[in-house]
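Fold and geometry: a report
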Protein chains: 2
Amino acid sequence: MKAKIYITLKNGVHDPQGEAVLGTLKHLGFEGVQGVRVGKYIELNLNGVSKEQTQTQVRSMCEKLLANTVIESYSFEIVEQ
Amino acid sequence: MKAKIYITLKNGVHDPQGEAVLGTLKHLGFEGVQGVRVGKYIELNLNGVSKEQTQTQVRSMCEKLLANTVIESYSFEIVEQ
């Protein structure tokens, strides 16, 4: 099974990397861009267990390691292969 | 309009960050994890133009700045708000 995890900074948290990208995009002539937020995308390959167990495991991985839940939100989807 | 961009390392490109995450997940007891790939997730807010024009613009942004197309692949979706 594959898990696709999206980790984003919470609203209101300062994102200097996003601001740098925004500035460069404008500099390159993309004037229509109004905001940029940069997050992480993580793909996991997992074996074995049921979809429900996988969801529980992935949530636990996000809470314990993958996301800093003070400043980041996460969402994920499980894809059966 | 909002663009959601997913940037991943191409297959075969070494991913030390993913390997570090994999090692830590196993250390935490998540034995079922077999592989981890870490990429980027970028959200853009764009104003104005049509969905088709936005797609063209976002593709251009990925090629010129957001992705290193030598080692990274990108995909994106445009969401009308």
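The text that follows walks through the structure, step by step, so that each part is easy to find.

Calculation criteria
- Residues numbered from 1 in each chain as written.
- Chains lettered and ligands numbered in written order.
- Predicted model: local features only at pLDDT ≥ 70, side-chain atom pairs only at ≥ 80, totals over all residues.
- Heavy atoms only, no water.
- Pairing = 2+ DSSP bridges.
- Helix = DSSP H or I, 4+ residues; strand = E, 2+ residues; numbered from the N terminus.
- Axes fitted to C-alpha atoms, helices over the stretch in contact; angles between N-to-C directions.
- Parallel < 35°, antiparallel > 145°, perpendicular 65-115°, else oblique.
- Contact = heavy atoms within 4.5 Å.
- Nonpolar A, V, L, I, M, F, W, Y, C, P; charged D, E, K, R; others polar.
- Least-squares fit on C-alpha atoms with pLDDT ≥ 70 in both.
- Phe/Tyr/Trp six-rings, centres within 6.5 Å; stacked < 30°, edge-to-face > 60°.
- Buried < 20%, exposed > 50% of the residue type's maximum accessible area, 1.4 Å probe, protein only.

1. Things to note about the sheet that holds strand 2 (residues 33-46) of chain A
The strands that make up a sheet are held in pairs by hydrogen bonds between backbone atoms, and each pair lies either parallel or antiparallel. Pairing in this open sheet of six strands is antiparallel, and the strands run 3(A)-1(A)-2(A)-2(B)-1(B)-3(B) from one edge to the other. In this open sheet, the two edge strands, each paired with only one partner strand, are strand 3 (72-79) of chain A together with strand 3 (72-79) of chain B. Averaged over all pairs of adjacent strands, the angle between strand axes in this sheet comes to 20°, irrespective of strand direction. Here eight bridges tie strand 1 (residues 2-9) of chain A to strand 3 of chain A, and the two strands are oriented antiparallel to one another.

2. A short note on the packing of helix 1 (residues 16-27) of chain A against helix 2 (residues 51-66) of chain B
Look at helix 1 of chain A against helix 2 of chain B: their axes get within 11 Å of each other, and the N-to-C directions meet at 110°. On the basis of the axis angle, helix 1 of chain A is roughly perpendicular to helix 2 of chain B. Taken together, the residues of helix 2 of chain B that come into contact with helix 1 of chain A (itself represented by Val21(A), Thr24(A) and Leu25(A)) are Met61(B), Leu65(B) and Leu66(B). In terms of residue class, the contact of helix 1 of chain A with helix 2 of chain B is built from five nonpolar, one polar and no charged.

3. Considerations on the interface of chain A and chain B
Each side of the interface is counted separately: chain A has 30 residues, and chain B has 30 residues. When residues of the side of chain A that touches chain B are traced back to their parent elements, those giving at least two are strand 1, helix 1, strand 2 and helix 2 (51-66) of chain A. Top element by residues in the side of chain A that touches chain B is strand 2 of chain A. It accounts for 14 residues. Of the residues contributing to the side of chain A that touches chain B, the split by class is 16 nonpolar, ten polar and four charged. With 13 bridges connecting them, strand 2 of chain A and strand 2 (residues 33-46) of chain B associate as antiparallel partners. Residue pairing across strands places Val33(A) opposite Leu46(B), the latter belonging to strand 2 of chain B.

4. A short note on the relation of the copies chain A and chain B
In the superposition of chain A on chain B (RMSD 0.0 Å, axial shift 0.0 Å), the rotation amounts to 180°. The superposition of one copy onto the other is thereby described by a two-fold rotation axis. For chain A, the minimum C-alpha distance to the rotation axis belongs to Lys40(A) and amounts to 2.2 Å. Looking at the interface residues of chain A, 100% of them are also at the interface in chain B, so both copies use one shared face.

5. Quick word on the packing of aromatic side chains
Inspection of the entire model under this criterion finds five aromatic pairs over all chains. When the ring of Tyr6(B) is compared with that of Tyr41(B), the centres are 5.5 Å apart and the planes differ by 25°; the resulting orientation is stacked. One end of the pair, Tyr6(B), is in strand 1 (residues 2-9); the other, Tyr41(B), is in strand 2, with 35 residues separating them in the sequence. Look at Tyr6(B) and you get buried, because its relative accessible area is 14%. Taken together, the ring pairs in this structure connect Tyr6(A), Tyr41(A), Tyr6(B) and Tyr41(B) into an aromatic cluster.

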